[in-house]
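# Report on the structure
If you want the building blocks of each chain, they are given just below.
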Amino acid sequence: MSDSESDNEQKYTLEDLEGSDAEMLSADEDGPIDILTRQKVTINNEAALKQLTEKIALPTNIPWSETQSITSTQSISLVDPDDDLKRELAFYNQALEAAVLGRDRIKKEGGVFQRPDDYFAEMVKSDDHMAKIRQKLLDENASIQATETAKAQRELKKFGKKVQTEKRLEREKAKADALDRITTLKKKRQGDSLAGGDDDFGVGLESDDESPRAGGKGQKRPSSSSVDSRNKRHKKDQKFGFGGKKRNQKSNTADSSADMTGFNTKNNRSSQFKRGHKAAKPGGSKQRPGKSRRQNGAGRK
Amino acid sequence: MATVYKQQKSKKDKADGVVEKSDAKAIFKNKQRVLLLCSRGVNYRHRHLLSDLENLLPHAKKDAKLDSKSKLHIINELADLNNCNNSIFFEVRKRQDLYMWLSKTPNGPSMKFHIQNIHTMEELKMTGNCLKGSRHILSFDKNFETSPYWILVKELFTQIFGVPKTSRRIKPFIDHVISFSIVDNRIWFRNYQITEKPVEHRTIADTTDLQLVEIGPRFVMNPIRTFDGSFGGQTVFENPEFVSPNVVRSNTRNAKAERYRSRMDAIAKKDEKLKEAVLPEDPLSEKNVFS
C-alpha cells in the first residue's frame, strides 16, 4: 500500500475531538478556545483492515467444529453501560444463545457435548478452591439467615412493647374503675347515713368490695393469717429486727465502743500476768532437758 | 531440507502442469498455537489472569517474562522458536496498567488493548467450574459485524481464543462458553460454564434446559491501536476515544491539587493587598510632633 493511498484513507474527524481538546485547553488557560495547538488524528484505514482480515481469515468451507464460534442474532445495545445487572444479563443471554446453538450444531456434526457424570478429570479450579467457594456461599447464607432472625426478633420486640403498654393502660383503667366504684359507694353511704340506715353498710361494702379483691394481685394466702404463722413471724422479727433504718447498723457508735460488757479481763490478760505460764517462773522445773540428756533418758527407758 | 524439497517439487509440478489435488482444502486443519507471555513488573492480579488464560487455552504455550518493553519484535522470534503462530503479550506499565497485545506472528496484524476491570478465577464470587482443556464455544456479539475493524477483531479472536480440534491436552466435551461483547466501544470478556438446569428448577418461561454459571476470569478490553505488522508496522486503526490511564490519573491528581492551589492564590492575593494598604505617614502623629 502506497503512502498516498493510506493518507486518503485516513479520516480526520476533528469534530469528534474538539470537545476533548477544548476541555483540556479551557483547563489550562482562560482565553478563547479558537486555537487548537494539538490535534489528534483518527486512523481508521478500512481498506487495510479488510485486506488484513482477508489475509488471516480461515477458509470458509471448514466444518463449524474447527472454530466453534457463534455470532449472536441480536446485538447488545445498552443505554447505560454502568448498569451492572442489565449488562450482565445481556452478556448471559448472548452466551446462553451461543450455548444452545452450539449444542445443536455439535449434535448435528455428530460430536459429544455434555460431559457424562462419571467422567472425572482435572478441572480448571481445584477441589480446594471449589471447597472455598462452597464455604463462602454457606457463610453468606448463614449471615443472611442471622440478619433475618435478628430482624424478626426486633419486630417481635416492638410488638411486645405494644402489648405491654396495652396491658398497662388496661390496668390503669381497672384501677380508675375501682376508684370510681369506691367513690360511688362512699356517696351511697353518705346518702344512707343521712337516711339513718346504718345496718346494711357493712354488708353492702363487703359484698361490693369482694369481687375486685378476689381477682386482685394482692390476695393473701389464707395460712398467713393463722396463729402459728403469726407467732413465727413475731419471733423472727424479734430475732432479726423488722423495719427501720438498715444503714450503719453494724458500725460503732460512742456508746457501743464504751461498752465493755462483752470484755473478759481473765481471758485477755497479758502473758506476764497469767498464772501458770513459763514466763512467770523462769528456770522452772518443767523446762525441757538438753538434747543429750533427753536422748540418754530415752535410751534408758 | 524438507521444505526446500517441497518447494522444488511444487515448482516442478507447476512446470509439469500437475494440478494440485482439489481435496487440499477439504483436509484443512485449523492449527493455532499461542505464545503467552508477559513483561516484567506484573502484579499478582495480572499474573493470575495470565495463568487463567493458560488454563483455559490448551493450545497456549507460556513463556518466561520478557525483559524488554521497547523491543517487542523479538516476540516474533520467540513465537517462532516455540512453533507458535499467535501470541498474547501482557505489557505492564508502572506496575499497574496492563496492556494486552494480540498478534498473528510473524506477519501481523497485531492489536493493542488496555485491560480494565480484571477479575480472576481466584476470586470466590464466580462459582462455575469446567474441565481443564475442554474446547469452548466462542460467542460473539452481533456488533462485531458492524465495521471492518470489529470484523478483523473477531477473526483474530476466533483464531487466538478458539481451541483447535487438533491441539493437545484437549478433552472431548464442551462445557463452557467464552463470550465477547461490545458495550461502550470496549470488548467485555466473560466465561461461563454450561450446565443442564435441574428439572425441578425449570419453568414454563424457560426456552432451554441449559443454564450458565460464570467461571471467570472477566475483564474489559479497551482497543488502542491496530498495526498491520506483528508488534509493529503501520497503524491501521486507532481508537480516538482512548484516554491513557496516565492522563486519567493526572486529571484526578490535578483536581485534588486545585484546592491547595486556590488557597495559596488567596493567601498571595491577601498579602499583596495588605502591602498596598499601608497608610502614608501622618505629619501630625505623636511620633512626629514630640520627637
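Everything quoted here is computed from the prediction, not taken from an experiment.

## A short note on the overall build of chain B
Tallying secondary structure elements over chain B gives 6 helices and 11 strands in all. Looking at chain B as a whole, 46% of its 291 residues are labelled buried. Of the roughly 16,000 Å² of accessible surface on chain B, 52% is carried by carbon and sulfur atoms.

## Side note on a nonpolar patch on the surface
All names here are of chain B. A contiguous nonpolar surface patch, about 210 Å² in accessible area, is contributed by Val243, Val247 and Val248. Structurally, valine 247 can be placed in helix α5 (residues 245-276). By relative accessible area, valine 247 is classed as partly exposed at 37%.

## Let's talk about the pattern of salt bridges
For the structure on display, the rule yields 21 salt bridges over all chains. Across the pair B:Glu238 and B:Arg225 runs a salt bridge, and its minimum N-O distance is 3.4 Å. On the criterion of sequence distance, the pair formed by B:Glu238 in strand β11 (residues 232-238) and B:Arg225 in strand β10 (residues 218-229) is long-range, its members being 13 residues apart. The class for B:Arg225 is partly exposed, based on a relative accessible area of 28%. Residue B:Arg261 is joined to B:Glu258 by a salt bridge in which the shortest nitrogen-to-oxygen separation is 3.1 Å. With B:Arg261 and B:Glu258 both in helix α5 and 3 residues apart, this pair spans about one turn of that helix. Overall, the relative accessible area of 40% leaves B:Glu258 in the partly exposed class. One continuous salt-bridge network, built from bridges that share partners, spans A:Asp84, A:Arg87, A:Glu88, B:Arg190, B:Glu214 and B:Arg218.

## Quick notes on the interface of chain B and chain A
Taken together, the contacts link 80 residues of chain B with 66 residues of chain A. A combined buried area of about 6,400 Å² lies between chain B and chain A, and 61% of that area is made up of carbon and sulfur atoms. Connecting chain B to chain A are 4 salt bridges. Among the salt bridges present, the one from A:Arg103 reaches B:Asp209, with a minimum N-O distance of 2.8 Å. Where chain B meets chain A, there are 31 residue pairs in polar contact (both at pLDDT 80 or more). Broken down by secondary-structure element, the contributors of at least two residues to the side of chain B that touches chain A are α2 (44-56), β6 (137-140), α4 (148-161), β7 (176-183), β8 (186-196), β9 (210-214), β10 and β11 of chain B. Sort the elements by how many residues they give to the side of chain B that touches chain A and α4(B) lands first, with 9 residues. As judged from the 3 bridges shared by strand β1 (residues 69-71) of chain A and β6(B), these two strands associate in the parallel manner. Paired with A:Thr71 across the two strands is B:Phe140, which belongs to β6(B).

## Digging into the nonpolar core
Within the largest apolar cluster, 43 residues are counted, with the highest numbers of intra-cluster contacts made by B:Ile88, B:Leu102, B:Phe157, B:Phe161 and B:Phe180. Considering each element in turn, this core owes the most residues, 8 residues, to α4(B). In this structure, B:Phe161 is in contact with B:Leu53, B:Leu57, B:His59, B:Ile88, B:Leu102, B:His136, B:Leu138, B:Phe180 and B:Phe189, ignoring residues within four places of it in sequence. Core analysis: the second largest hydrophobic core is formed by 21 residues, A:Phe91, A:Ala98, B:Ile174 and B:Trp188 among them.

## Some remarks on the packing of helix α3 (residues 46-56) of chain A against α4(B)
Axis separation between α3(A) and α4(B) bottoms out at 9 Å; the angle between their running directions is 25°. As the angle between them shows, α3(A) and α4(B) are arranged roughly parallel. Helix-helix and strand crossings are classified by hand; for α3(A) and α4(B) the assignment is left-handed. Residue-level inspection shows A:Glu46, A:Leu49, A:Lys50, A:Leu52, A:Thr53 and A:Ile56 of α3(A) in contact with α4(B), the latter providing B:Pro148, B:Tyr149, B:Ile151, B:Leu152, B:Glu155, B:Leu156 and B:Gln159.

## Thoughts on unusual backbone geometry
In terms of backbone geometry, most residues other than glycine have negative phi values and most peptide bonds are trans. All names here are of chain B. A cis amide bond links threonine 105 to the next residue, proline 106, at an omega of -5°. Examined against the element boundaries, proline 106 turns out to sit in the loop between β4 (97-103) and β5 (110-119). A cis amide bond, omega 0°, links glycine 216 with the succeeding residue proline 217. Mapped onto the fold, proline 217 is located in the loop between β9 and β10.

## Overview of α5(B)
Residues and elements named next belong to chain B. When the terminal C-alpha atoms of α5 are compared, their 46 Å separation across 32 residues agrees well with the 46 Å that a helix rising 1.5 Å per residue should span. The axis of α5 is deflected most strongly, by about 30°, at alanine 257. The backbone nitrogen of asparagine 246 lies 3.1 Å from a side-chain oxygen of the residue at the head of α5, namely serine 244.

## Focus: the side chain of A:Glu66
You can see A:Glu66 is positioned in the loop between α3 and β1. Of the side chains with opposite charge, B:Lys165 lies nearest to the buried A:Glu66, which makes no salt bridge, at 4.9 Å. Setting aside chain neighbours within four positions, we find A:Glu66 in contact with B:Phe28, B:Asn30, B:Arg135, B:Val163, B:Pro164 and B:Lys165.

## Concerning the pairing of β6(B)
The alternating pattern of β6(B) places B:Ile137 and B:Ser139 on one face and B:Leu138 and B:Phe140 on the opposite face, and all of these are buried. With respect to chirality, the unit in which β6(B) leads through α4(B) into the neighbouring parallel β7(B) is left-handed.

## Considerations on the confidence of the model for chain A
Residue and element names in this part refer to chain A. Across chain A, the average pLDDT comes to 77, with 70% of residues at or above 70. Low pLDDT, under 50, characterises residues 1-33; the stretch is placed with 31 contacts to residues that sit more than four places away or in other chains. Note that residues 202-220 has pLDDT below 50 and, in this model, 5 contacts with residues that lie over four places away or in other chains.

## Some points on α2(B)
All names here are of chain B. Over its 13 residues, α2 runs 18 Å from end to end, which matches the ideal 18 Å to within 8%, given 1.5 Å per residue. Along α2, the residues classified as buried are His46, Leu49, Leu50, Asp52, Leu53 and Leu56. One side of α2 carries all its buried residues, which in axial view fall inside an arc of 160°.

## A word on a positive patch on the surface
Residue and element names in this part refer to chain B. Taken together, the side chains of Arg33, Lys61, Arg168 and Arg169 define a basic patch exposed on the protein surface. Among the secondary structure elements, arginine 33 is positioned in the loop between α1 (2-16) and β1 (34-38). Note on arginine 33: relative accessible area 34%, which makes it partly exposed.

## Some points on the packing of aromatic side chains
The final tally for this structure, using the stated rule, is 18 aromatic pairs over all chains. Their ring planes at 90° and their centres at 6.0 Å tell us that A:Tyr92 and B:Tyr192 sit as a pair that is edge-to-face. Residue A:Tyr92 is found in helix α4 (residues 84-108), and its partner B:Tyr192 is found in strand β8; the two belong to separate chains. By relative accessible area, A:Tyr92 is classed as partly exposed at 23%. Here the aromatic cluster, defined as three or more aromatic residues joined through ring pairs, consists of B:Phe113, B:Phe140, B:Phe144, B:Tyr149, B:Trp150, B:Phe157, B:Phe161, B:Phe180, B:Phe189, B:Phe219 and B:Phe237. A cation over an aromatic ring shows up here: B:Lys112 above the ring of B:Tyr99, its NZ or CZ 4.7 Å from the ring centre.

Rules used in this analysis
- Residues numbered from 1 in each chain as written.
- Chains lettered and ligands numbered in written order.
- Predicted model: local features only at pLDDT ≥ 70, side-chain atom pairs only at ≥ 80, totals over all residues.
- Heavy atoms only, no water.
- Helix = DSSP H or I, 4+ residues; strand = E, 2+ residues; numbered from the N terminus.
- Buried < 20%, exposed > 50% of the residue type's maximum accessible area, 1.4 Å probe, protein only.
- Areas by Shrake-Rupley, 256 points an atom, 1.4 Å probe, with all protein chains shown as cover.
- Patch = residues over 30% accessible without salt bridge, like charges linked within 9 Å, V, L, I, M, F, W, Y side chains within 5 Å.
- Salt bridge = Lys/Arg side-chain N within 4 Å of Asp/Glu carboxyl O.
- Contact = heavy atoms within 4.5 Å.
- Buried area = accessible area lost by both parts, 1.4 Å probe.
- Polar contact = N/O pair within 3.5 Å; in protein donor to acceptor, adjacent residues only side chain to side chain.
- Pairing = 2+ DSSP bridges.
- Core = buried A, V, L, I, M, F, W, Y, C linked by side-chain atoms within 4.5 Å.
- Axes fitted to C-alpha atoms, helices over the stretch in contact; angles between N-to-C directions.
- Parallel < 35°, antiparallel > 145°, perpendicular 65-115°, else oblique.
- Left-handed = near helix turned anticlockwise from the far one by under 90°.
- Expected span 1.5 Å × (residues − 1).
- Bend = angle between axes of the 7 residues up to and from the residue.
- Lys, Arg positive; Asp, Glu negative; His and termini not counted.
- Right-handed = clockwise from strand over helix to strand, strands pointing away.
- pLDDT = per-residue confidence, 0-100.
- Arc of directions from axis to C-beta.
- Charge placed at Lys NZ, Arg CZ, Asp CG, Glu CD.
- Phe/Tyr/Trp six-rings, centres within 6.5 Å; stacked < 30°, edge-to-face > 60°.
- Lys NZ or Arg CZ within 6 Å of the ring centre and 35° of its normal.

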